[in-house]
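A closer look at the structure
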Amino acid sequence: MISRETLLTSLEQILEPNKIKDYCPNGLQVEGNGQIKKIVTGVTASQALIDAAIAANADALLVHHGYFWKGENQTITSLKHKRIKSLLMADINLIAYHLPLDIHPTLGNNAQLAKRFGISNIQGLEIGNPVSVAVKGEFETPQTVAQLTASITQSLDRAPLVEGNANKAIRTVAWCSGGGQSFIEMAGEQGIDAFISGEVSEQTIHLAREYNMAFFAAGHHATERYGVKALGEFVAKELGVDVEFIDIDNPA
Ligand SMILES: [Zn+2]
């Protein structure tokens with residue numbers, strides 16, 4: 001068992017949330033039990049994940065997508081009321097890390113994707129920005145679009161939406177987990193061969209074609225599963241606390 005303060009201090013040290021400007025509060029969002037025996041990790045603090053955390057007897061729920069986003073309705077009503085009431089009744093701390101968890105150089109969503117896809121020589125895509133959200137790198141052995149499609153499908157357990165000729169060779173690649181598809185323009189301007197993101201919109205396909213880049217939309221949920229999972233595993237080892245990752249499947 002550890003105290004809430006010990007957990008929060010450790011997370012702050014690992015993720016350094018003050019390094020990057022975000023559009024939600026990072027860290028403790030809903031206060032619960034001061035003592036923590038069990039942590040559940042997951043991508044989004046949806047009702048399904050909260051219910052699973054309650055069933056798992058969790059004292060803390062650690063997620064990538066929490067609440068209180070800039071521009072969202074500020075009142076605690078309707079579905080948000082139901083979610084927060086469930087957390088408060090069960091005395092569960094809700095702890096969320098958004099961009100700090102995307103960009104962490106080893107545990108972050110983007111770093112975890114690089115590990116899965118076999119990308120090396122990783123740098124920020126935003127030139128001159130030390131906390132670039134999107135990143136770029138390369139494959140030691142160039143891959144075809146078809147080969148990269150197969151590798152993404154296998155490592156994320158989900159087939160991506162793909163734009164580009166199956167035989168096109170890819171050496172350089174840029175990527176951004178989740179909703180980062182608009183970084184494709186920055187990658188296109190830098191002449192990068194392929195861009196991988198979670199989501200896709202209609203206009204992104206035109207940009208990919210006009211920059212002659214391959215594009216892969218591998219799923220917002222699927223590309224953001226591994227950061228919070230890796231963070232949980234790190235914390236379990238570091239603090240000797242029980243941590244369980246619960247995947248609430250999401251096709252988007
Ligand atoms: Zn996201």
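Residues numbered from 1 in each chain as written. Predicted model: local features only at pLDDT ≥ 70, side-chain atom pairs only at ≥ 80, totals over all residues. Heavy atoms only, no water.

**A word on the environment of threonine 77**
Mapped onto the elements of the fold, threonine 77 is located in the loop between strand S5 (60-65) and helix H3 (78-89). On a C-alpha basis, the gap between threonine 77 and valine 162 in space is 39 Å, while along the polypeptide they are 85 residues apart. (Helix = DSSP H or I, 4+ residues; strand = E, 2+ residues; numbered from the N terminus.)

**Observations concerning the domain arrangement of the chain**
A common way to state how big an interface is: give the accessible area lost once the parts meet. As assigned here, the chain comprises domain 1 (2-99 + 224-245) and domain 2 (103-220). Centre-to-centre, using C-alpha coordinates, domain 1 lies 28 Å away from domain 2. Taken together, the contacts link 15 residues of domain 1 with 14 residues of domain 2. At the boundary of domain 1 with domain 2, total buried surface from both sides reaches about 1,300 Å², with 61% on carbon and sulfur atoms. The three residues of domain 1 that bury the most area against domain 2 are Leu99, Glu224 and Tyr226, which together make up 45% of that side's buried surface. Connecting domain 1 to domain 2 are zero salt bridges. For the pair domain 1 and domain 2, the number of links is nine residue pairs in polar contact (both at pLDDT 80 or more). Breaking the side of domain 1 that touches domain 2 down by element, the ones donating at least two residues are helix H1 (4-15), S5 and helix H10 (225-239). Taken together, the residues of the side of domain 1 that touches domain 2 break down into nine nonpolar, three polar and three charged. (Domains from an automatic or database assignment. Contact = heavy atoms within 4.5 Å. Buried area = accessible area lost by both parts, 1.4 Å probe. Salt bridge = Lys/Arg side-chain N within 4 Å of Asp/Glu carboxyl O. Polar contact = N/O pair within 3.5 Å; in protein donor to acceptor, adjacent residues only side chain to side chain. Nonpolar A, V, L, I, M, F, W, Y, C, P; charged D, E, K, R; others polar.)

**A short note on the pattern of salt bridges**
Following the criterion strictly, the structure yields nine salt bridges and no others. In this structure, the salt-bridge partner of arginine 225 is aspartate 247, at a minimum N-O distance of 3.3 Å. Within this pair, whereas arginine 225 is found in helix H10, its partner aspartate 247 is found in the segment after strand S13 (242-245), the two being separated by 22 residues in sequence. Residue classification places aspartate 247 among the partly exposed residues on the basis of a relative accessible area of 35%. Across the pair glutamate 233 and lysine 229 runs a salt bridge, and its minimum N-O distance is 3.2 Å. Highlighted residues: glutamate 233 and lysine 229, both in helix H10, separated by four residues, approximately one helical turn. Since its relative accessible area comes to 46%, glutamate 233 is described here as partly exposed. Residue class for lysine 229 comes out partly exposed when judged on its relative accessible area of 29%. Put simply, Arg4, Glu5 and Glu31 are held in one network by salt bridges that share partners. (Buried < 20%, exposed > 50% of the residue type's maximum accessible area, 1.4 Å probe, protein only.)

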